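Observations on the model geometry
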Amino acid sequence: MSSMNFMEKLLDGVEFQWKALGAVTTIKTGPSVNRQMISANPGEYPVINSGREPLGFINEWNTDNDPIGVTTRGAGVGSITWQEGKYFRGNLNYSVTINGSLKISIRYLYHLLLEMQSDIQALCTYDGIPALNAGNLKELQIPIPCPENPEKSLEIQAEIVRILDAFAELTAELTAELTAELTARKKQYNYYRDQLLSFEDGEVEWKTLGDLCSIGVGQAPVGNEIGEYAFVNAGTTPSGYVTTYNTEPNTITTPSRGQGGIGYVGYQTTRFWCGPLCYRIRSTSEMLSTRFLYHIMANAMKDIVGLANMTGVPALNKKELVGFPVPIPSPAEQERIVDILDKFDTLTNSLSEGLPREIALRQKQYEYYRDLLLSFPKPKVVEA
């Protein structure tokens with residue numbers, strides 16, 4: 001069934017009307033609040049301010065049974081919050097309160113604002129600190145079904161809410177189950193990795209990284225054009241994408257400088273640009289598989305951090321890195337270990353396979369049905 005047929009059946013031929021958000025709700029913020037104020041007055045009431053999660057918990061509340069909020073400033077500007085019961089609303093969160101006896105379901109409005117997230121973000125300004133002006137938010141146009149028949153309108157809204165809440169609840173349950181499974185699999189992965197990569201004295205030969213590998217840093221990319229090749233530098237994720245590459249795939253990377261990245265071990269499966277603050281490491285010996293070495297280093301991130309100079313700007317010097325000890329089991333044993341650990345790695349970390357993909361699909365399923373139910377065609381003339 002197409003989305004239009006589904007909507008026609010649900011609305012049963014009734015009209016719907018677009019209204020400015022400010023015409024049907026009251027929009028305002030709470031008083032100023034900060035972490036020092038919360039620390040001095042700890043309590044049970046969540047503080048809802050500029051983040052998607054509570055800023056903390058305080059011993060007073062200023063809002064009750066008024067759950068919808070919109071973030072006014074900061075990185076999460078325009079985000080929709082839902083907080084039931086008593087809580088403390090801060091000055092960086094707009095309350096969106098339905099006026100008087102208007103026949104609008106608060107939960108319908110919440111799902112509607114989630115669906116219109118991109119429209120809300122388009123109202124924000126991004127010069128300096130991102131901000132959402134209340135006057136702009138009040139102009140946001142929202143659809144009200146069957147405006148001439150309030151009871152019928154509430155009935156339609158309730159059916160939309162019932163469907164979306166059911167999908168939201170199912171999504172939350174499945175996500176919780178999958179997240180718990182993912183956590184268990186990660187623990188299992190770490191356990192087996194520790195077991196597989198722990199060798200008794202005399203069981204294997206030991207060499208150093210410098211004996212077996214090429215180790216060097218890259219250079220700054222030329223130009224600033226955006227391209228297809230990852231620019232891997234001091235962080236744990238690409239610093240951008242450039243138009244050319246300087247390193248072949250199947251290469252280990254680990255930052256040489258910077259806060260937060262030291263000790264992180266990555267493995268690049270495609271061509272990439274290696275930056276000046278990143279080591280690229282590849283085995284040059286027939287005794288050692290580069291992929292096996294990756295698992296050894298990934299399992300020893302704390303040891304790699306221990307090699308770094310952490311005073312001032314953290315730095316991992318090559319003279320320390322070359323002495324990193326590497327066990328050398330037989331090539332067949334290396335292949336066996338890599339095969340087992342790669343399967344765990346795919347299951348726990350891949351975005352295209354395994355459990356993370358299932359979690360993402362559940363969220364997309366909810367968003368699909370929300371789009372289906374709440375994507376009304378806007379009229380040429382919008383009523384204020």
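Residues numbered from 1 in each chain as written. Predicted model: local features only at pLDDT ≥ 70, side-chain atom pairs only at ≥ 80, totals over all residues. Heavy atoms only, no water.

Moving on: the sheet that holds strand 3 (residues 42-48). Read from one edge of the open sheet, four strands run 4-3-8-5, paired in mixed fashion. Looking at strand neighbours, the two that pair on one side only are strand 4 (56-58) and strand 5 (63-64), the edges of this open sheet. Bridge count for strand 3 against strand 4 is four bridges, and the pairing is antiparallel. Counted as the bridge partner of P46 is F57 from strand 4. (Pairing = 2+ DSSP bridges. Helix = DSSP H or I, 4+ residues; strand = E, 2+ residues; numbered from the N terminus.)

Judged by nonpolar contacts, the single largest core of 38 residues is most densely connected at L21 and I142. Breaking this core down by element, the ones donating at least two residues are helix 2 (21-24), strand 6 (68-71), strand 9 (93-98), helix 4 (106-115), helix 6 (134-138), strand 10 (141-145), helix 7 (150-196) and helix 13 (354-374). Setting aside residues up to four positions removed in sequence, L21 forms contacts with I27, V96, L109, L113, L137, K138, L140 and I142. Of all hydrophobic cores here, the second largest spans 34 residues; its members include L196, L197, C213 and I215. (Core = buried A, V, L, I, M, F, W, Y, C linked by side-chain atoms within 4.5 Å. Buried < 20%, exposed > 50% of the residue type's maximum accessible area, 1.4 Å probe, protein only. Contact = heavy atoms within 4.5 Å.)

Here we take up the pattern of salt bridges. For the coordinates displayed, the defined rule picks out 14 salt bridges. For D339, the salt bridge identified is with K343, shortest N-O distance 3.6 Å. Here D339 and its partner K343 are both found in helix 12 (residues 331-349), four residues apart, which amounts to about one turn of the helix. Among the residues examined, K343 registers a relative accessible area of 56% and is labelled exposed. (Salt bridge = Lys/Arg side-chain N within 4 Å of Asp/Glu carboxyl O.)

Within the secondary structure, T63 sits in strand 5. Taking the C-alpha atoms as reference points, T63 and G30, 33 residues apart in sequence, are found 8.8 Å from one another. A polar atom in the side chain of T63 sits 2.9 Å from the side chain of N62. (Polar contact = N/O pair within 3.5 Å; in protein donor to acceptor, adjacent residues only side chain to side chain.)

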